[in-house]
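Spelled out, the chains give:
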Amino acid sequence: KLLYRLYEAMGYTVLLSGKVGDQGGDLVASKGQDRILIQAKCYINSAVGNSAVQEAAAARSHYDCNKAVVIATNSFTKEATELAKTNTVELIPKELLQKMLLDYLKESWS
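Report follows, based on the coordinates. (Residues numbered from 1 in each chain as written. Predicted model: local features only at pLDDT ≥ 70, side-chain atom pairs only at ≥ 80, totals over all residues. Heavy atoms only, no water.)

**Notes on the sheet that holds strand E1 (residues 13-16)**
Phase 1 of the analysis: Taking strand neighbours across the sheet as the criterion, the five strands line up as E1-E2-E3-E4-E5 in an open arrangement whose pairing is mixed. Looking at the sheet topology across the chains shown, the edges are occupied by E1 and strand E5 (89-92). Along the sheet, successive strands turn relative to each other by an average axial angle of 25°, direction set aside.
Phase 2 of the analysis: Pairing of strand E2 (residues 27-31) with strand E3 (residues 34-41), which is carried by five bridges, proceeds in the antiparallel orientation. Across the sheet, Ser30 pairs through a bridge with Arg35, a residue of E3.
Phase 3 of the analysis: Against the sheet, helix H1 (residues 2-9) engages E1, E2, E3, strand E4 (67-72) and E5, with an angle of about 165° to E1.
Phase 4 of the analysis: Sheet strands in contact with helix H4 (residues 94-105) are E4 and E5, and its direction is about 75° off that of E5. (Pairing = 2+ DSSP bridges. Helix = DSSP H or I, 4+ residues; strand = E, 2+ residues; numbered from the N terminus. Axes fitted to C-alpha atoms, helices over the stretch in contact; angles between N-to-C directions. Contact = heavy atoms within 4.5 Å.)

Next comes the structure, spelled out in structure tokens:
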């Protein structure tokens, strides 16, 4: 729900899709020509790995999106970063998420 509010504050129309069997998509955000599949990962003690990138890349087509983003509460593994580059999946790690929350929602999160 936090990401829903964030993307709304960024000017997107947001649909919440995250539930069991969501095919790897938690949100779909639309603005202009952009239709973004968003996969959210809340990992506290470990970096986010390949599976999140694979899910987002597959869900991009399933939800008819032209972009895919994985947003995490931690960092990403080297392998996930490499896979994201070859599959044009944007990765938003904890530090960037914190900046976005501060910029758009004026909320601090750690």
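After presenting the structure, the write-up continues.
**Regarding the environment of Met10**
Phase 1 of the analysis: Tracing the chain through its elements places Met10 in the loop between H1 and E1.
Phase 2 of the analysis: Through-space distance from the C-alpha of Met10 to that of Tyr104 is 6.6 Å; in sequence the pair is 94 residues apart.
Phase 3 of the analysis: Filtering out sequence-adjacent residues up to four positions away, Met10 remains in contact with Lys31, Met100 and Tyr104.

These figures come from the coordinates and say nothing about function on their own.
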